[in-house]
Each structure stands twice: as C-alpha cells, then as structure tokens.
Amino acid sequence: MRRVLRAPLTLLLVALAAFPAAAAPAGHTATRVARDVRAHEEARARVEELRESDAPPGEVRDAERHRRDVRSRLWDLLWAVEHALADPVAVDPAGRAGHCPFGPRSTPAQIQAPAPSPFPGEGTSWTVPTTGYRLTAGYAERGRRWKHRHTGQDFAVGSGTPVRAVGPGTVRVTTCGDGFGNQVLVRHRDGYFTQYAHLSRIDVRKGQKVRAGQLLGLSGATGNVTGPHLHFEVRITPYIGSAVPPLPWLARKGVHPEQ
C-alpha cells in the first residue's frame, strides 16, 4: 500500500497536527473516514452474501477486490493522519522508543513458548479476550472521558488479569505512550485488527504469531483511564478511526461475551 502524502492532504495534516497523539481524525477527514468505514463494512457484507449464495467466482472476486480497494484508501488516509500526529501505532509499532513494559516472556528466546496458566478458550478458533470481567463502556457510547464516541468495548477487570488473543493472527503493534497506554494490536487472517489497550505489561513482540487464547499481556490502568480495565477494539486498519462494533464482529466468529 502506498504511503505517499499528496499535496492537498499535506495542508490538511498541518491543521490536524495540533490534535493530541491518538486523537480521532477531525472535521472533513472524520467524515471521509466514517464514509469509508461504512463502505468497507457494506462491501464485506456483500462478499459474505455472495459466498453464501454460491455466486459465480468472478462476481465474488470483483466484490472482494472492491472491499480491498476501500480498505486501501482508508488505510492510506489514516496512516498519513496518524503519522503526522505522531501516533505510536504509526511511528513506533515495536514500542522500542517508548521503553514499553515488556514482560519476562517477551524476550526473543521465550516468545514462542506456550502461554502459562490454562485458559478455557486457548486452542479454539475464537474466544473472549479475558475472564472474570464485567462489560462496561460499549462501542459508540458518549461521555466526558472521550473526545469523540467510545471506539471499543471495555471489559472491567482488576489489574494483572491475563489478556488473551481472541483469535489466531500476527502481532502488528506492541507500543505505549498515548491515551491507550500500553497496547497490543493483532492482525487476523480476515484482515481485521484487534486492539488490547491500557495493559500493565506486554508479553508478546511485534511480528509474533499467536493463537486464540494466547497470553498477550496483563490488564492495567495505563493511558487515559479512571480505573483498571481492558479496552478491546476491532479495526479495519491498525489506526484509530477505522473501528467497527466489536461485539457483532465477535458474534460472527461465534463468540458472545456475557453481558
């Protein structure tokens, strides 16, 4: 995917540079982003509909190509915006500059070792991201704690609770230093990303392959929080602004967190 800033966008980024790191895109850019997120989800639903109806392969390929084109456009726009804002996800995805608190299992010799402590969902296709939780702030809720609407689903748990990958994938980001605190982003085989934020410790490294239920880190209260919890988010790209409702997304994977 291209990462070249075009002249009209450059002027827009100068105006956006005053926003804090990890702030959602604002103004006209936010409108464009919201439009592309909707277009992507409509295109994804169309692809699934065609596959379920045994449509001709060529028709499915064309629909999938359109979905990818929408995602590429959204990815390029958000990368440019978040890079200009110095979002750690865009500029420091391995977390080295921020000296993030990697756990004892995150050394190169240990990252492929089995995750400690049995977890009911480990080894399954998809699972919940933690246990012993209570669902609190949901997707798109408004509140004074957020500059815009809430972008994920909060799982209220105590500090130090294990946080697990909801499905198989590859760690794309392990970083810290913004409102999300210590965070991990995992890219899954369907192209979506899941974010696990406000961690007290990170136990994986960028580029590591993980399975459903594998330990990613421990819950905490880092970043912009009022208490310990796990902020779980599902995104079309790695960048803020491309979130989709996480509970319906999990439901499509056969996972239904207890209310």
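Everything here concerns the structure above.
Residues numbered from 1 in each chain as written. Predicted model: local features only at pLDDT ≥ 70, side-chain atom pairs only at ≥ 80, totals over all residues. Heavy atoms only, no water.

A. Representation of the nonpolar core within the structure. If you look at the biggest cluster of nonpolar residues, it comprises 44 residues, and the most contacted ones within it are Val-184, Tyr-196 and Leu-216. Mapped onto this core, the elements with two or more residues apiece are helix H2 (27-52), helix H3 (57-84), helix H4 (88-91), strand S4 (169-175), strand S5 (182-188), strand S6 (193-202), strand S9 (230-235) and helix H5 (246-252). No other element matches H3, which puts seven residues into this core. Leave out the neighbours within four places in its chain, and Leu-216 touches Val-163, Arg-164, Ala-165, Val-184, Val-186, Tyr-196, Arg-201, Ile-202, Asp-203, Val-204 and Val-210. One finds Val-47, Leu-50, Val-60 and Ala-63 within the second-largest nonpolar core, a separate group that totals five residues. (Core = buried A, V, L, I, M, F, W, Y, C linked by side-chain atoms within 4.5 Å. Buried < 20%, exposed > 50% of the residue type's maximum accessible area, 1.4 Å probe, protein only. Helix = DSSP H or I, 4+ residues; strand = E, 2+ residues; numbered from the N terminus. Contact = heavy atoms within 4.5 Å.)

B. Structural context of the state of the cysteines. What the rule picks out here adds up to one disulfide. For Cys-100, the disulfide goes to Cys-176, at an S-S distance of 2.1 Å. Negative torsions about the S-S bond denote left-handed disulfides, and the value of about -95° found for Cys-100 with Cys-176 makes this one left-handed. Of the two residues, Cys-100 is situated in the loop between H4 and strand S1 (134-135) and Cys-176 in the loop between S4 and S5; the sequence distance between them amounts to 76 residues. Its relative accessible area of 7% is what places Cys-100 among the buried residues. (Disulfide = S-S within 2.5 Å.)

C. Main features of the packing of H2 against H3. For the pair H2 and H3, the least separation of the axes is 9 Å and the interaxial angle reads 155°. With respect to each other, H2 and H3 are oriented roughly antiparallel. Helix-helix and strand crossings are classified by hand; for H2 and H3 the assignment is left-handed. Its residues assigned to classes, the contact of H2 with H3 comprises 13 nonpolar, three polar and ten charged. (Axes fitted to C-alpha atoms, helices over the stretch in contact; angles between N-to-C directions. Parallel < 35°, antiparallel > 145°, perpendicular 65-115°, else oblique. Left-handed = near helix turned anticlockwise from the far one by under 90°. Nonpolar A, V, L, I, M, F, W, Y, C, P; charged D, E, K, R; others polar.)

D. The arrangement of the environment of Gly-160 in detail. Position of Gly-160 relative to the elements: it lies in the loop between strand S2 (153-156) and strand S3 (162-164). Note on Gly-160: relative accessible area 35%, which makes it partly exposed. For the pair Gly-160 and Ser-200, spaced 40 residues apart in the sequence, the C-alpha separation amounts to 6.9 Å. In this structure, Gly-160 is in contact with Ser-200, Leu-218 and Ser-219, ignoring residues within four places of it in sequence.

E. Looking closely at the side chain of Thr-175. Its location among the elements puts Thr-175 in strand S4. According to the relative accessible area criterion, Thr-175 is buried, its value standing at 0%. A distance of 3.0 Å separates the side chain of Thr-175 from the backbone oxygen of Asp-92, its partner in a polar contact. Contact partners of Thr-175, with chain neighbours within four places excluded, come to Pro-88, Val-89, Asp-92, Pro-93, Gly-95, Cys-100, Gly-181, Asn-182, Gln-183 and Ile-202. (Polar contact = N/O pair within 3.5 Å; in protein donor to acceptor, adjacent residues only side chain to side chain.)

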